[in-house]
Amino acid sequence: NEVAMNKITMKNDDIIELLAEFEHDRWSRWQKYLFSKCIVNDDGTLTIPKELVNRWTRQINTNYKNLSEREKDSDRKEAIRIIKCIEKRRISDE
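Residues numbered from 1 in each chain as written. Predicted model: local features only at pLDDT ≥ 70, side-chain atom pairs only at ≥ 80, totals over all residues. Heavy atoms only, no water.

1. Digging into the overall build of the chain
- Along the backbone of the chain there are three helices and two strands.
- Listing the helices and strands of the chain from first to last along the sequence gives α-β-β-α-α.
- Taking as baseline every contact in the chain between residues at least 6 positions apart, the subset at least 24 positions apart corresponds to 36%.
- Element-wise, carbon and sulfur atoms account for 56% of the exposed surface of the chain, whose accessible area totals about 8,100 Å². (Helix = DSSP H or I, 4+ residues; strand = E, 2+ residues; numbered from the N terminus. Contact = heavy atoms within 4.5 Å. Areas by Shrake-Rupley, 256 points an atom, 1.4 Å probe, with all protein chains shown as cover.)

Below is the structure:
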């Protein structure tokens, strides 16, 4: 049924926009944090301190299951934010 398909598409588009907005907010929070940890050079560029480069490189190259509990908690907090975002959307649809 074409009408039903259009409703599904509209809902999916709404969810895509909701999650895209969420992703932008997440990215923006990360950039603010990253910039706050960097050294501002005379030419306006930023330098990430070596200890942070080392830590983040290790995290990038580590599977989730091998992260420390503290590192996993950080990812869990982001997962909870996603769930709350989806639940907020579901409640507004009811």
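2. Some words on a positive patch on the surface
- A grouping of Lys-37, Arg-55, Arg-70 and Lys-77 is seen on the molecular surface, where their side chains present a positively charged patch.
- Among the secondary structure elements, Lys-37 is positioned in helix H1 (residues 2-37). (Patch = residues over 30% accessible without salt bridge, like charges linked within 9 Å, V, L, I, M, F, W, Y side chains within 5 Å. Salt bridge = Lys/Arg side-chain N within 4 Å of Asp/Glu carboxyl O. Lys, Arg positive; Asp, Glu negative; His and termini not counted. Charge placed at Lys NZ, Arg CZ, Asp CG, Glu CD.)

3. Focus: the pattern of salt bridges
- In the structure shown here, the tally under the stated rule is seven salt bridges.
- A salt bridge links Lys-72 to Glu-69; the nearest nitrogen and oxygen atoms lie 3.7 Å apart. Here Lys-72 pairs with Glu-69, and both are found in helix H3 (residues 69-93), just three residues apart, close to one helical turn.
- Assessed through its relative accessible area of 48%, Glu-69 is described here as partly exposed.
- Of the charged contacts, one joins Arg-76 and Asp-73 as a salt bridge, the two residues approaching to 2.7 Å between their closest N and O atoms. (Buried < 20%, exposed > 50% of the residue type's maximum accessible area, 1.4 Å probe, protein only.)

4. Describing the packing of aromatic side chains
- The final tally for this structure, using the stated rule, is three aromatic pairs.
- Consider the rings of Trp-30 and Tyr-33, whose centres lie 5.6 Å apart with planes at 40°: the pair is tilted. Of this pair, Trp-30 and Tyr-33 both sit in helix H1, three residues apart, roughly one helical turn.
- A relative accessible area of 33% means that Trp-30 is categorised as partly exposed.
- With relative accessibility at 34%, the residue Tyr-33 sits in the partly exposed group.
- Centroid distance Trp-30 to Trp-56: 5.0 Å. Interplanar angle 70°. Geometry classified as edge-to-face. You can see Trp-30 sitting in helix H1 and its partner Trp-56 sitting in helix H2 (residues 50-60), a full 26 residues away along the chain. (Phe/Tyr/Trp six-rings, centres within 6.5 Å; stacked < 30°, edge-to-face > 60°.)

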